[in-house]
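Structural overview
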Amino acid sequence: MRTIADLPFIDYADPAYAAAPYEWLAEQALNHRIARSDRGVELLDYNLCRAFVLDRTMGTDHGNLVENMGIPESRALTFKRRMLLTQNRGEVRQRLRGALTGLIGPKQAGDLREGIAGVVSNLLDALPDGVVDLKHAFADLVPAGVYCHWVDAPLSQARFVSEMSETVLAIFRRDPSLTPRIVAAYDELFAYAADRIAARKQAMGDDFLSQLIRVQQVGALSESELEDFAVMLIEASTDNTAASIAIIIDRLTAQPGVWAAIANDPTLAIPAVREAMRLWPRSISTSRTALEDTAIEDVAIPKGASIFASFGAAHRQPDIFENPHKFDLTRAERPPHMNFGGGAFACLGQFVATIEVEEAIAQLAACYPNLKVLNADRDYTPMFHRLKQLDVSLK
């Protein structure tokens with residue numbers, strides 16, 4: 001049995017990673033199924049990653065992250081203690097996930113498509129002519145605008161929702177100097193959520209928040225859990241989806257003929273988004289912590305060890321995906337990409353998020369078939385891919 005120290009080392013500080021992270025990871029995976037880095041154990045093989053995200057001996061390290069960030073006693077800390085990510089196992093987590101799954105499962109997400117399409121259409125109508133930073137003016141606002149639609153808030157509040165989401169998710173930068181800003185943002189979010197809940201209770205409708213309130217009223221959630229959910233949806237549904245929209249616009253417009261094909265046939269947005277998520281995942285990797293002493297293949301993994309599944313490597317594995325570096329609009333749905341995790345920690349909002357991206361791409365291509373990217377300021381870490389700016393010409 002090998003130890004973690006026996007594993008080959010991969011170095012994310014290599015300039016080649018910053019230049020072409022997905023290709024770099026795929027090259028590492030040709031030599032190693034499992035490796036180590038400065039951050040922990042690295043799984044580079046598709047089947048290892050797939051088994052890993054389903055492994056019930058693994059949990060999240062969010063509790064340790066909160067502790068290391070030094071979040072003081074506050075509404076934010078109380079929320080973090082209760083939120084789903086810190087409930088690694090047990091009845092509480094099962095109950096809370098069950099309450100939300102009934103509202104945003106695959107069927108329910110499909111029923112939400114019309115409302116999502118309406119939000120996207122309104123945002124496109126508001127775009128200025130000429131050169132636009134499409135990340136700021138569109139991608140950031142699509143999931144935030146959907147959230148506003150869900151809580152019966154005006155679309156004008158989408159910018160606030162987007163900015164708050166980006167601020168609270170800065171916790172994953174693991175920089176304690178950001179803690180005061182994160183705590184202050186949570187204070188604003190909880191005040192906002194409380195106001196929206198109070199308003200909907202006075203005029204219940206068919207919107208998502210009204211449905212969530214009804215779940216609470218029949219006893220499936222406490223009042224504090226209702227507020228937690230309203231805030232968690234901003235956290236979980238906004239920043240990552242916005243980043244994916246910007247990434248996919250950037251990449252699809254660079255594929256010869258693909259953008260024009262989607263403009264002519266908007267249904268092609270569905271396979272195009274799926275293939276783009278495989279090739280250029282927003283989450284380059286996902287992390288877990290060993291809840292007990294265990295092993296991965298012939299490597300002993302002690303309790304508390306940090307393990308990372310590299311989707312950036314796994315999604316380009318040649319014995320899993322034929323011509324893995326090629327964008328193929330006709331590629332089969334299976335094997336699937338792993339962007340939304342799996343098992344006990346699968347992203348509950350994955351079906352809604354996918355529809356948001358599909359509608360954004362389909363409608364944008366239809367409105368602007370000649371869209372041209374002028375500047376894409378790409379940023380990569382070992383965990384994430386994002387665009388800081390996406391300047392385009394909409395002529």
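Heads up: the structure comes first, above all this text.
Residues numbered from 1 in each chain as written. Predicted model: local features only at pLDDT ≥ 70, side-chain atom pairs only at ≥ 80, totals over all residues. Heavy atoms only, no water.

Within this structure, the stated rule accounts for four cavities of 30 Å³ or more. Of the voids in this model, the largest cavity is the one considered here, and its volume is about 90 Å³. As for the largest cavity, its lining consists of 13 residues, and the residues nearest its centre are Arg274, Glu275, Arg278, Arg331 and Ala332. Among the residues making up the lining of the largest cavity, the classes are represented as six nonpolar, one polar and six charged. (1 Å grid on protein atoms, 1.4 Å probe; cavity = no way out; pocket = protein on both sides within 12 Å on 5 of 7 lines; lining within 4 Å. Points joined across faces, edges and corners; volume = space filled by probe spheres on them. Nonpolar A, V, L, I, M, F, W, Y, C, P; charged D, E, K, R; others polar.)

What follows covers the sheet that holds strand S8 (residues 306-310). Overall, mixed pairing links the five strands, which are arranged S1-S2-S8-S5-S3 in an open sheet. With partners counted over all chains shown, the strands left at the sheet margins are strand S1 (34-37) and strand S3 (58-59), one partner each. Two elements, strand S5 (residues 285-290) and S8, share five bridges in a ladder whose sense is antiparallel. Counterpart to Ser287 in the pairing with S8 is Phe308. (Pairing = 2+ DSSP bridges. Helix = DSSP H or I, 4+ residues; strand = E, 2+ residues; numbered from the N terminus.)

Inside soluble globular proteins, nonpolar side chains tend to come together where they are buried. Leu134, Phe138, Ile249, Leu252, Ile361, Leu364 and Leu371 are the most contacted members of the largest nonpolar core, which has 111 residues in total. Once you skip the residues sitting within four places of it in the chain, Ile361 turns out to touch Ile245, Ile248, Ile249, Leu252, Trp259, Ile262, Ala269 and Val273. By size, the runner-up hydrophobic cluster in this structure holds 21 residues, among which are Ile34, Val53, Met58 and Phe321. (Core = buried A, V, L, I, M, F, W, Y, C linked by side-chain atoms within 4.5 Å. Buried < 20%, exposed > 50% of the residue type's maximum accessible area, 1.4 Å probe, protein only. Contact = heavy atoms within 4.5 Å.)

Turning our attention to the sheet that holds strand S10 (residues 385-393). Spatial strand order, S4-S10-S9: three strands in an open sheet with antiparallel pairing. Each edge of the open sheet is held by one strand with a lone partner, namely strand S4 (131-133) and strand S9 (372-380). Between one strand axis and the next, the sheet turns through 15° on average, direction left out of account. Two strands pair when backbone bridges link them, and S4 and S10 are joined in this way by three bridges, in the antiparallel orientation. Each residue of the ladder has a partner; that of Val132, found in S10, is Val392. (Axes fitted to C-alpha atoms, helices over the stretch in contact; angles between N-to-C directions.)

With that out of the way, let us pick up the packing of aromatic side chains. Enumeration according to the criterion identifies ten aromatic pairs in this entry. Ring geometry for Tyr46 and Phe321: centres 5.7 Å apart, planes at 80°, overall edge-to-face. Here Phe321 lies in the loop between helix H18 (311-314) and helix H19 (350-367) and Tyr46 lies in helix H3 (residues 46-54), a separation of 275 residues in the sequence. Given a relative accessible area of 4%, Tyr46 falls into the buried group. Judged by centre distance (4.4 Å) and plane angle (20°), the ring pair of Trp150 and Phe208 falls under stacked. Pair noted here: Trp150 is in helix H10 (residues 141-150) and Phe208 is in helix H13 (residues 208-217), with a separation of 58 residues, a long-range link. Taken as a pair, Trp150 and Phe208 share a single burial class, namely buried. An aromatic cluster of three or more residues is present, and its members are Tyr12, Tyr17 and Trp24. Cation over ring: Arg39 sits above Phe308, and NZ or CZ is 3.9 Å from the ring centre. When the ring centre of Phe190 is taken as origin, the NZ or CZ atom of Arg75, which lies over that ring, is 3.8 Å away. (Phe/Tyr/Trp six-rings, centres within 6.5 Å; stacked < 30°, edge-to-face > 60°. Lys NZ or Arg CZ within 6 Å of the ring centre and 35° of its normal.)

Time to look at the layout of surface pockets. For the second largest pocket, the calculated volume is near 590 Å³. In terms of lining, the second largest pocket is formed by 25 residues, of which the most central are His337, Phe340, Gln350, Phe351 and Thr354. Mapped by element, the contributors of at least two residues to the lining of the second largest pocket are H3, helix H7 (106-111), helix H17 (269-279) and H19. Classifying every residue of the lining of the second largest pocket gives eleven nonpolar, eight polar and six charged.

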